Amino acid sequence: NSTNLGCPHFVQNHQQQMNSFNKLPLNKPPTLLSQRQSIGMKIDGHNRVPQRLAYGNGSLVSVSDASMSFCGLKRPREQSIEQNVKRQRFQSRESEKTVVNQAVPLPEEHRRSFPGSINSPPRYVYCLPSFSSLQDSVETILPEAKDKLSQQILTLFQVCQQQTCDLNRKELCRTELQREIQQIFPQSRLYLVGSSLNGFGTRCSDGDLCLVIKEEPVSNLKHVKLKQKARYILSLIQKLFATKLSGYIERPQLIRAKVPIVRFRDKVRQVFCVEFDLNVNNIIGIRNTFLLRAYAYIENRVRPLVLVVKSWARFHDINDASRGTLSSYSIVLMVLHYLQTLPEPILPSLQKMYPESFHPAVQLNLVHRIASSVPPYLSKNGSSLGDLLLGFFKYYATEFDWNQQMISVREAKAVPRPDGAEWRNKFICIEEPFDGTNTARAVHEKQKFDVIKEEFQQCWQILRDTKDLTCIVPLRETTLKR
């Protein structure tokens with residue numbers, strides 16, 4: 001019955017988790033560790049609270065005694081923390097040791113693969129964290145909003161941010177699709193990635209899925225180029241969607257982009273007509289999802305600012321990589337970069353501060369755990385959301401050198417443009433934090449680049465003169481678009 005597709009199996013204790021292992025969904029957002037309290041915000045006559053997502057306790061990884069500490073940021077003693085705000089623990093199947101601070105990679109003797117699977121390759125280990133619920137255990141207090149512009153930013157943020165029900169629907173779709181895809185690729189795992197999980201999702205954010213294949217689909221593909229292999233795998237997925245799953249998958253299309261995808265919609269759950277993009281083995285997408293999630297929750301001004309900038313870019317038609325403008329990922333990196341480059345930074349470089357934690361070789365099954373263990377960053381910068389938004393537009397309108405500089409969140413600064421072929425003759429250069437590619441390569445026409453620059457220039461001048469968000473992002477229309 002198509003109306004009963006993909007319901008996750010919610011479990012209450014360790015024994016149930018073991019008995020129900022094969023029914024658990026395999027991808028969940030992380031528990032980000034914070035002792036801050038949520039507060040409601042009055043919008044349209046209702047109290048809204050930041051929505052919640054959660055990871056449960058890990059059940060498969062046995063860990064060593066090795067641990068790592070975060071330099072310069074001392075944690076409170078456990079005795080001084082009330083039980084309901086203590087950091088959640090990830091426990092192994094064979095011991096009660098915590099792995100929140102576990103250094104990676106794990107020793108070889110402690111690695112495990114999924115039940116019934118072949119041994120994992122040395123670099124990637126596919127372990128299943130158990131699933132408790134899709135409520136966000138992050139408890140975040142919203143920043144103060146004493147001026148009109150800051151209040152408008154918070155209002156737009158509360159209205160536009162992804163809700164728990166939105167994520168639940170995406171997770172149910174992912175769970176059911178994984179079960180079906182495993183009929184073709186038994187060793188595969190399907191991950192929900194991108195804005196749905198990185199903390200910067202809106203009510204209209206697409207559902208990005210990454211299919212990780214552990215073994216070759218057929219032996220004669222061993223020496224085929226990765227992109228051709230991905231296209232072959234996706235062609236099988238598209239055929240599955242168009243035939244067996246046609247009752248609840250709508251319009252599956254194979255798009256032969258630089259990262260090939262199958263694009264489709266879920267007819268059954270009607271996720272606000274959100275499109276899903278499914279790629280194969282784009283491991284970087286999983287890693288940067290949780291890097292961005294760590295940035296999203298270490299400072300409470302980051303998420304409201306990013307979501308407002310994304311809404312602004314979408315309203316002004318400069319947020320569509322398929323049409324030669326900026327991707328949402330590039331826009332997020334631009335905001336993070338700006339917050340890193342202030343005279344008194346609001347964000348650090350997490351890759352510099354915790355190099356072992358955010359290294360590209362960290363085992364895939366540990367990525368969400370590492371991201372969740374980053375403590376809040378205490379910035380001395382007390383700027384309001386309104387001042388930060390105005391400063392963001394001013395930075396890219398008047399200060400950043402588009403011709404000579406590259407945005408680098410990894411370095412937490414603007415760096416000289418590289419001389420490689422990928423960067424030559426590009427109008428905007430934004431470094432991908434893990435593989436060093438250009439996330440803004442879609443902006444390849446001067447006309448589109450000029451439009452983007454002009455939008456920054458005009459919006460800075462308007463916002464500087466009016467201090468009114470509705471002059472650049474009409475709140476009513478933005479709310480209706482969601």
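Residues numbered from 1 in each chain as written. Predicted model: local features only at pLDDT ≥ 70, side-chain atom pairs only at ≥ 80, totals over all residues. Heavy atoms only, no water.

For the rest of this paragraph, the subject is the overall build of the chain. Broken down by element type, the chain carries 12 helices and 9 strands. In the chain, which comprises 482 residues, the proportion classed as buried is 54%. Within the chain, residue pairs in contact and separated by at least 24 positions form 72% of the contacts whose partners lie at least 6 positions apart. Only carbon and sulfur atoms are counted for the fraction: they give 48% of the accessible area of the chain, which is about 21,300 Å². (Helix = DSSP H or I, 4+ residues; strand = E, 2+ residues; numbered from the N terminus. Buried < 20%, exposed > 50% of the residue type's maximum accessible area, 1.4 Å probe, protein only. Contact = heavy atoms within 4.5 Å. Areas by Shrake-Rupley, 256 points an atom, 1.4 Å probe, with all protein chains shown as cover.)

Glancing now at the environment of Tyr-248. Inspection of the secondary structure assignment puts Tyr-248 in the loop between α4 (226–242) and β5 (249–255). Taking relative accessible area as the criterion, Tyr-248 reaches 6% and is therefore assigned buried. Here the alpha-carbon distance between Tyr-248 and Lys-267, two residues 19 residues apart in the chain, equals 4.9 Å.

Per-residue pLDDT for the chain has a mean of 74; in total, 66% of the residues score no lower than 70. For the stretch residues 1–137, pLDDT sits under 50, and the model shows 326 contacts to residues farther than four places along the chain or on other chains. (pLDDT = per-residue confidence, 0-100.)

Running from N to C, helix α6 (residues 302–315) and helix α7 (residues 328–340) cross one another at 135 degrees; their axes reach a closest spacing of 10 Å. On the basis of the axis angle, α6 is oblique to α7. Along this stretch, α6 crosses α7, giving a crossing that reads as right-handed. Of the residues in α7, those touching α6 at Val-302, Leu-305, Val-306, Val-309, Lys-310 and Ala-313 are Ser-328, Ile-331, Val-332, Val-335, Leu-336 and Leu-339. In terms of residue class, the contact of α6 with α7 is made up of 10 nonpolar, 1 polar and 1 charged. (Axes fitted to C-alpha atoms, helices over the stretch in contact; angles between N-to-C directions. Parallel < 35°, antiparallel > 145°, perpendicular 65-115°, else oblique. Left-handed = near helix turned anticlockwise from the far one by under 90°. Nonpolar A, V, L, I, M, F, W, Y, C, P; charged D, E, K, R; others polar.)

Let us now look at the pattern of salt bridges. Summed over all chains, the structure comprises 16 salt bridges. The partner of Asp-468 in a salt bridge is Lys-148, with the nearest N and O atoms 3.7 Å apart. Taken together, the positions of Asp-468 in the loop between α11 (446–466) and α12 (475–481) and Lys-148 in helix α2 (residues 148–160) put the pair 320 residues apart, joining distant regions of the chain. Residue class for Asp-468 comes out buried when judged on its relative accessible area of 14%. Residue Arg-263 is joined to Asp-277 by a salt bridge in which the shortest nitrogen-to-oxygen separation is 2.7 Å. Of this pair, Arg-263 sits in strand β6 (residues 261–266) while Asp-277 is found in strand β7 (residues 275–280), placing the two residues 14 residues apart along the sequence. Residue class for Arg-263 comes out partly exposed when judged on its relative accessible area of 24%. Relative accessible area serves as the criterion here: at 11%, Asp-277 is assigned to the buried category. One network of salt bridges, with partners in common, ties together Glu-176, Arg-179, Glu-180 and Lys-244. (Salt bridge = Lys/Arg side-chain N within 4 Å of Asp/Glu carboxyl O.)

To continue, consider α7. Counting along an α-helix, one turn takes 3.6 residues, and residues three or four places apart therefore face a common direction. Helix length check: α7, at 13 residues, gives a terminal C-alpha distance of 19 Å against a target of 18 Å (1.5 Å per residue), a fit within 8%. With respect to burial, α7 is a largely interior element, 11 of its 13 residues being buried. Along α7, the residues classified as buried are Ser-330, Ile-331, Val-332, Leu-333, Met-334, Val-335, Leu-336, His-337, Tyr-338, Leu-339 and Gln-340. Residues of α7 that are buried in the fold lie against α5 (283–297), α6, α10 (385–399), β8 (405–408), β9 (413–416) and α11. (Expected span 1.5 Å × (residues − 1).)

So, on to the packing of aromatic side chains. Counted under the stated rule, the structure contains 19 aromatic pairs. Judged by centre distance (4.8 Å) and plane angle (80 degrees), the rings of Tyr-395 and Tyr-396 are edge-to-face. For Tyr-395, a relative accessible area of 10% corresponds to the buried category. The class for Tyr-396 is buried, based on a relative accessible area of 2%. Ring geometry for Trp-402 versus Phe-449: centroids 5.9 Å apart, planes at 75 degrees, classification edge-to-face. (Phe/Tyr/Trp six-rings, centres within 6.5 Å; stacked < 30°, edge-to-face > 60°.)

A word on the environment of Phe-456. Within the secondary structure layout, Phe-456 lies in helix α11. Look at Phe-456 and you get buried, because its relative accessible area is 2%. Sequence separation between Phe-456 and Ala-397 is 59 residues, and the spatial gap between their C-alpha atoms is 5.3 Å. Not counting residues up to four positions away in its chain, the partners in contact with Phe-456 are Trp-312, Met-334, Phe-392, Phe-393, Tyr-396 and Ala-397.

Here 5 bridges tie β5 to β6, and the two strands are oriented antiparallel to one another. In the sheet register, Glu-250 faces β6, and the bridge partner there is Arg-265. Remark: 5 residues form the turn of the hairpin made by β5 and β6, two consecutive strands paired antiparallel. As paired elements, β6 and β7 share 4 bridges and run antiparallel to each other. Among the inter-strand pairings, Arg-263 is bridged to a residue of β7, identified as Asp-277. (Pairing = 2+ DSSP bridges.)

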